[in-house]
Amino acid sequence: MKSMKNIILTLAALFCVLISYGQNAKATTGTFALKNATIVTVTKGTINNGTLIISDGKISDIGANVSIPSGAKEIDCKGLYIYPGMIESGSRIGLVEVGSDPRTRDYNEIGEVIPQMKALTAVNPNSVLIPVTRVSGVTTALTIPQGGLFSGTAALINLHGYTPDQMYAGFEGVVMNFPTTGKRGRWDRRSEEDIKKDADKALANLNKVWDNALAYSKIDSTITAQKVSTELNYNPEMATLAPVVKGEQTLLIEVNAANDIKAAIDWVKGKNIKVIFTGVSEGWRVAEELAEAKIPVITGPVLDTPNRDYDKYDRPYANAGIMSKAGVTVAIRTNDAENVRNLPYHAGFAATYGLGKEEALKAVTIIPAQLFGVDDQLGSLEKGKSATLFISDGDPFETKTQIKYVFIEGWNIPMESRHTKLYDEFLERDPGVKK
Amino acid sequence: MKTINKLTLALLMLCVATLATAQKKGDVLIKNGTVLTITNGVLENTDVWIKDGKIAKIGKSIAAPSGAKVIDASGKYVMPGIIDAHSHIALSSVNEATSPVTAEVWTGDALDPLDISIYRALAGGVTISHALHGSANAIGGQSETIKHRFGTVDMEEIRMEGAPRTIKFALGENPTRVHGGGSGIVPRTRMGVEAVFRSSFAEAKQYMQKWDTYKAAKKKKGFKGEAPEYNLRMETLADILRGNIIVHCHSYRADEIYMLMQVFKDYGIKKLVFQHVNEGFKVAPELAEFGAMASVFADWWDYKFEVYYSTAYNAAILAKNGVTTSINSDSEELIRHLYHEAGKTQKYGGLSDEEALRLITINPAKQLGIENRVGSLEVGKDGDVAIFENHPLSIYAVPMFTIVDGVVEFDRENDPADMRIYPDPKETIDVTLHADEEEHRCMDVHDNYLLTDK
């Protein structure tokens, strides 16, 4: 009888909660104590039966013997694991809603040299894709514009917030597509001569733009230094490239084919700039050169077919591991939008095919945090860092594993999305087949 | 003259017989594996003996017959070859996008045994795929079920001999875009798509009637009439009405899925498999009641508007409602790790290991009408086997051997680093294919890429 009453009370409470949620449940914040967990810190080993305290959006304490502040909401994590939130290092999340519909695509502005087009401006905080992604433990993503030579400025965002500024996670980088020198595929019907001509022209064009940016930057610096009262003409392209050529802002160079990677290494040489190579699908062919040049890479998708028909079938899986073993700093991306939630599986395949579990975990946590210069906040579980993390019942790379809780900057994220809501509504549909 | 005809016929029959036996069958003994039979549970430390291409025995300590290849599967997992019910690999053309109805064409006429995707699928443990026509037309072409035998130039060698006939239908945005949008003919809407089916079947019924009348009249003495005109398109539609062809229908929204079941009920057609069927979960009880099957993506959604209201829990909802469900690839990339795609149903819906594995083995076999031959490890079935390092539903799984009809088609230890059969001395420029290729290829008039996928 008593249990019946309990059930009714629980159901009533659940009903109230459901009603009050409306369209989307809100995240909540406060002081949390995550107790009895296996804490995988990434940078400082694993803490067994540990406690992690969240207050003011930060990890205020972490360890095996931690006192719980009064008033903290306690979450018993017995049998569960705490990991830092996973960081996607290259996607279109927030910049597109429905892939096939150009009206919802905001990642490809018109123009060849448009670094001033800022991803952060176009990020839609209320995109349906965001809750779908974050409930999988991917809490942070670099979202990037595409197309042309200089595509725009990418932004690192946390996947919670109501304005782009609330979501901004502290890094922006200019995106460049390195000119391709090879044939682009079977459908490419240009002659070898034409291909060479096009490649030379593209590289000459890049160098011209770069020289202009250098000139602009020098004039700008001189004006500032000598306090001259003239102003440079409005030139947002060059104004955006100026900090890049000065080495103050990171340049993300998309480059994939082996010859192009080599050419890009040469191009970067002597420029004294901050560079990350992205894509790098044939990095395995030139891993030594990449390591020697000390250029870090963001590679992916891992779940991809080889670039050339004759390449060994598992090259995309093995690529990250081969580069890492050669000494290259490797982060992993999905290069996706709606399925950025598969980031742990891209990392998992890389782990299986040579990168190893530990390095693969780093490739989606601390390494991207370091590359983006936000490792004082993200990428590992340490006292004082942002409380951006997730709690799972196992290895997050395994598909069997369920993510139980997600926190982004101390916000306890509702574990629901369009996908879970449709599941809740339709698993046992009412009415069923007969009305 | 008559003798010559008979001789020709005999020669032809000999040729056919030679073709039928040209496909290699092998002998393999797989020792001490953890055998995931799918239909008879998990057997530890068990051997599987494949003799002359068929599973001859499953049991403990089977003695190695002399001359048979022996594979030590200690610590490894042995499962049936994976089956993909929706694929476009090994095809030199996919869409006959010239009319809303092209039932007369057949992808079996466009097989490309040299496609490297066959080998890559093998490297993912996949032994059989359904070489489907594309989704440009409401009634597209007939399709072919292929066995992944690599290293042949003969398209006959990759057919799965004896597999039932199948045909591709398509609903929603693709046929309405290509025909109503592109050519200004019906269908432009989902109403038009239904009308195309109804008028096609009505016409086919009239065609059958004409032939029935003619055949009945012909038997009568003094008959002087002429036979009706033979029409391959109508013959094919008639075979659908007779239940001789399994319909595989590209579909997304619940309303259109429901519509096709109503049309099929009216015409008494029962063999129906929905492909993609992203909103199948919304009408899962109706699908179960009709007996329609569902072949879905693990998690693809949102690439177009008609899949915006999707859920990755689709497969689990369908399976829990009693719909025979499979996970497919529709992609030369995804086909390489269908075991991983099936694993996602454990994240999205908590399916058990066996339930998840059925989605890529016996269930797609049922959807292709070949479940008496493949899809589980049972004595008498085809010797199609995949052997994994680690459990196939683990992210750490690595396919080590893939066996088709007792022939080892993939062996990771002996996998070549370079698949080139011969180098091309003229090729000095790298040919690399990148992610942005998709956008270019869809513009290629020879390849309606966008229509083959999704």
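Residues numbered from 1 in each chain as written. Chains lettered and ligands numbered in written order. Predicted model: local features only at pLDDT ≥ 70, side-chain atom pairs only at ≥ 80, totals over all residues. Heavy atoms only, no water.

Student: With reference to specific residues and values, describe the overall build of chain B.
Tutor: Looking only at helices and strands, chain B has 13 helices and 16 strands in total. Relative to its full complement of 454 residues, chain B shows a buried share of 59%. In chain B, of all internal contacts separated by at least 6 residues, the share reaching a separation of at least 24 is 71%. Accessible surface for chain B amounts to roughly 18300 Å². Of this, 54% is attributable to carbon and sulfur atoms. (Helix = DSSP H or I, 4+ residues; strand = E, 2+ residues; numbered from the N terminus. Buried < 20%, exposed > 50% of the residue type's maximum accessible area, 1.4 Å probe, protein only. Contact = heavy atoms within 4.5 Å. Areas by Shrake-Rupley, 256 points an atom, 1.4 Å probe, with all protein chains shown as cover.)

Student: Requested: an account of the overall build of chain A, with residues and values cited.
Tutor: From N to C terminus, chain A includes 13 helices and 16 strands. For 435 residues, the compact-globule estimate of 2.2 N^0.38 gives 22 Å, and chain A sits close to it at 24 Å. Across its three principal axes, chain A shows a C-alpha extent of roughly 85 × 60 × 50 Å. If you take every contact in chain A between residues at least 6 apart in sequence, the share linking residues at least 24 apart comes to 67%. Distance from the positive charge centre (48 side chains) to the negative charge centre (50 side chains) of chain A: 3 Å. (Rg over C-alpha atoms; globule rule 2.2 N^0.38 Å. Lys, Arg positive; Asp, Glu negative; His and termini not counted. Charge placed at Lys NZ, Arg CZ, Asp CG, Glu CD.)

Student: Account for the interface of chain A and chain B, with residues named and values stated.
Tutor: At the junction of the two partners, chain A supplies 68 residues and chain B supplies 68 residues. Counting the surface chain A buries against chain B, the share from its top three residues, A:Trp187, A:Tyr310 and A:Tyr313, is 11%. Seen at the junction of chain A and chain B, the total is 5 salt bridges. Our count for the contact surface shared by chain A and chain B stands at 34 residue pairs in polar contact (both at pLDDT 80 or more). Mapped by element, the contributors of at least two residues to the side of chain A that touches chain B are helix H3 (129-134), helix H5 (192-225), helix H9 (315-326), helix H10 (343-355) and helix H13 (418-426) of chain A. When grouped by side-chain class, the residues that make up the side of chain A that touches chain B number 24 nonpolar, 21 polar and 23 charged. (Buried area = accessible area lost by both parts, 1.4 Å probe. Salt bridge = Lys/Arg side-chain N within 4 Å of Asp/Glu carboxyl O. Polar contact = N/O pair within 3.5 Å; in protein donor to acceptor, adjacent residues only side chain to side chain. Nonpolar A, V, L, I, M, F, W, Y, C, P; charged D, E, K, R; others polar.)

Student: Residue-level account of the sheet that holds strand E8 (residues 150-158) of chain A, with values.
Tutor: All names here are of chain A. The 8 strands are arranged E6-E7-E8-E9-E10-E11-E12-E13 in an open sheet whose pairing can be described as mixed. Strands with a single pairing partner mark the edges of an open sheet, and in this sheet they are strand E6 (86-91) and strand E13 (330-332). Geometrically, the sheet is characterised by an average inter-axis angle of 25 degrees between neighbouring strands, direction not taken into account. Where strand E7 (residues 138-143) and E8 come together, 4 bridges link them in antiparallel fashion. Within E8, the residue paired with Thr143 across the bridge is Ala155. In the packing of H10 onto the sheet, the strands contacted are E6, E7 and E13, and the crossing angle to E13 comes to about 140 degrees. (Pairing = 2+ DSSP bridges. Axes fitted to C-alpha atoms, helices over the stretch in contact; angles between N-to-C directions.)

Student: Tell me about the pattern of salt bridges, residues and numbers included.
Tutor: Opposite charge on two side chains allows them to pair when their charged atoms are near. In this structure the tally under the stated criterion is 48 salt bridges over all chains. A salt bridge links A:Asp200 to A:Lys196; its shortest N-O distance comes to 3.1 Å. Placement of both A:Asp200 and A:Lys196 in helix H5 is noted, with a separation of 4 residues, approximately one turn of the helix. Between A:Glu254 and A:Arg333 there is a salt bridge, and its shortest N-O distance comes to 3.0 Å. Of this pair, A:Glu254 sits in strand E10 (residues 251-255) while A:Arg333 sits in the loop between E13 and H10, and the two are 79 residues apart along the sequence. One exposure class covers both A:Glu254 and A:Arg333, and it is buried. A cluster of three or more residues bridged by salt bridges with shared partners is formed by B:Lys25, B:Lys54, B:Lys147, B:Arg149, B:Glu161, B:Arg373, B:Asp382, B:Asp384 and B:Asp405.

Student: Give a detailed account of the environment of B:Val407, specifying residues and quantitative values.
Tutor: Residues and elements named next belong to chain B. Here Val407 lies in strand E16 (residues 407-411). For the pair Val407 and Arg149, spaced 258 residues apart in sequence, the C-alpha separation works out to 8.8 Å. Leaving out residues up to four positions away in the same chain, Val407 has contacts with Lys24, Lys25, Gly26 and Thr402.

Student: A description of the sheet that holds strand E8 (residues 139-147) of chain B should follow, citing residues and the corresponding values.
Tutor: All names here are of chain B. Taken in spatial order, the 8 strands make up an open sheet running E6-E7-E8-E9-E10-E11-E12-E13, and their pairing is mixed. Looking at strand neighbours, the two that pair on one side only are strand E6 (82-87) and strand E13 (325-327), the edges of this open sheet. The average angle at which neighbouring strand axes cross in this sheet is 25 degrees, direction not considered. Helix H6 (residues 254-267) contacts strand E9 (165-170), strand E10 (245-251) and strand E11 (272-276) of the sheet and is inclined by roughly 165 degrees relative to E11.

Student: Tell me about the nonpolar core, residues and numbers included.
Tutor: The biggest cluster of nonpolar side chains holds 221 residues, and the ones touching the most others in it are A:Phe150, A:Leu251, A:Phe277, B:Phe169, B:Phe197 and B:Phe201. By residue number, the principal contributor to this core is helix H4 (residues 190-218) of chain B, which donates 9 residues. In this view, A:Leu251 contacts A:Phe150, A:Val174, A:Met176, A:Trp210, A:Val244, A:Trp267, A:Ile273, A:Lys274, A:Val275 and A:Ile276; residues no more than four positions away in its chain are not counted. Counting 18 residues, the second-largest nonpolar core is a separate cluster that includes A:Ala37, A:Ile59, A:Leu381 and A:Ile391. (Core = buried A, V, L, I, M, F, W, Y, C linked by side-chain atoms within 4.5 Å.)

Student: Requested: an account of the pairing of strand E5 (residues 81-84) of chain A, with residues and values cited.
Tutor: With 2 bridges joining them, strand E1 (residues 32-40) of chain A and E5(A) adopt parallel strand pairing. Bridged to A:Ile39 within E5(A) is A:Ile82.

Student: Can you break down the side chain of A:Ser127 residue by residue, with the values?
Tutor: All names here are of chain A. Among the secondary structure elements, Ser127 is positioned in the loop between helix H2 (119-122) and H3. Within the local environment of Ser127, its side chain forms a polar contact with the side chain of Glu97, the two groups lying 2.8 Å apart. When sequence neighbours within four positions are dropped, the list of residues in contact with Ser127 reads Val96 and Glu97.

Student: Which residues make up unusual backbone geometry, and what are the values?
Tutor: Geometrically, the link from A:Gly300 to A:Pro301 is a cis peptide bond, its omega value of 5 degrees lying close to zero. The residue A:Pro301 is located in the loop between strand E12 (297-299) and H9 in this model. That bond from B:Val186 to B:Pro187 is cis: its omega, 10 degrees, falls within 30 degrees of zero. With respect to the element layout, B:Pro187 can be found in the loop between helix H3 (173-183) and H4. Here the phi dihedral of A:Lys227 falls at roughly 50 degrees; this positive angle occurs in a residue that is not glycine. With respect to the element layout, A:Lys227 can be found in the loop between H5 and helix H6 (236-245). Here B:Asp405, not a glycine, exhibits a phi torsion of approximately 50 degrees, which is positive. On the basis of relative accessibility, which here comes to 1%, the residue B:Asp405 falls in the buried class.

Student: Tell me about the packing of aromatic side chains, and name the residues and values.
Tutor: All names here are of chain A. Scanning the entire structure with this criterion turns up 31 aromatic pairs over all chains. Above the plane of the ring of Tyr107 lies Arg92, whose end atom (NZ or CZ) is 5.5 Å from the centre. Over the aromatic face of Trp267 sits the side chain of Lys271, whose NZ or CZ is 4.0 Å from the ring centroid. (Phe/Tyr/Trp six-rings, centres within 6.5 Å; stacked < 30°, edge-to-face > 60°. Lys NZ or Arg CZ within 6 Å of the ring centre and 35° of its normal.)

Student: Break down helix H7 (residues 258-268) of chain A for me, citing the residues and quoting the values.
Tutor: Residues and elements named next belong to chain A. If you check which residues of H7 are buried, you get Ala258, Asp260, Ile261, Ala264, Ile265, Trp267 and Val268. Next to the buried residues of H7 lie strand E9 (168-177), H5, E10, strand E11 (275-279) and helix H8 (287-293). Looking one or two residues beyond H7, the residue adopting positive phi is Gly270, at roughly 75 degrees.

Student: Go over the pairing of E16(B) with me, naming the residues and quoting the values.
Tutor: Among the 5 residues of E16(B), 4 are classified as buried, and the element is accordingly described as predominantly covered. Turn length for the strand E15 (residues 398-404) of chain B-E16(B) hairpin, with the two strands adjacent in sequence and antiparallel, is 2 residues, and the turn residue B:Asp405 shows positive phi of about 50 degrees.

Student: Break down the packing of H4(B) against H6(B) for me, with residues and values.
Tutor: Residue and element names in this part refer to chain B. It is at 11 Å that the axes of H4 and H6 come closest, and there the two elements cross at 15 degrees. Classified by the angle between their axes, H4 and H6 sit roughly parallel to one another. In this structure, H4 crosses over H6, and the sense of that crossing is right-handed. Taking contact as the criterion, the partners of Arg190, Val193, Glu194, Phe197, Arg198, Phe201, Ala202 and Lys205 in H4 are, on H6, Asp255, Glu256, Met259, Leu260, Gln262, Val263, Phe264, Asp266 and Tyr267. Looking at the contact of H4 with H6 residue by residue, the class counts come to 9 nonpolar, 1 polar and 7 charged. (Parallel < 35°, antiparallel > 145°, perpendicular 65-115°, else oblique. Left-handed = near helix turned anticlockwise from the far one by under 90°.)

Student: A description of the side chain of B:Ser331 should follow, citing residues and the corresponding values.
Tutor: Relative to the helices and strands, B:Ser331 is located in the loop between E13 and helix H9 (338-347). Only 2.9 Å separates the side chain of B:Ser331 from the backbone nitrogen of B:Glu333, close enough to count as a polar contact.

Student: Break down the confidence of the model for chain A for me, with residues and values.
Tutor: For chain A, mean pLDDT is 94; residues scoring 70 or higher make up 94% of the total. In the predicted structure, residues 16-22 of chain A sits below a pLDDT of 50 and forms 1 contact with residues beyond four places in sequence or in another chain. (pLDDT = per-residue confidence, 0-100.)

Student: How would you summarise H3(B) if you had to cite specific residues and measurements?
Tutor: Every α-helix carries 3.6 residues per turn, so stepping three or four residues along brings you back to the same face. Those residues of H3(B) that fall on the buried side of the exposure criterion are B:Asn174, B:Pro175, B:Thr176, B:Val178, B:His179 and B:Gly180. One or two residues past the end of H3(B) sits B:Gly184, with phi positive at roughly 70 degrees.

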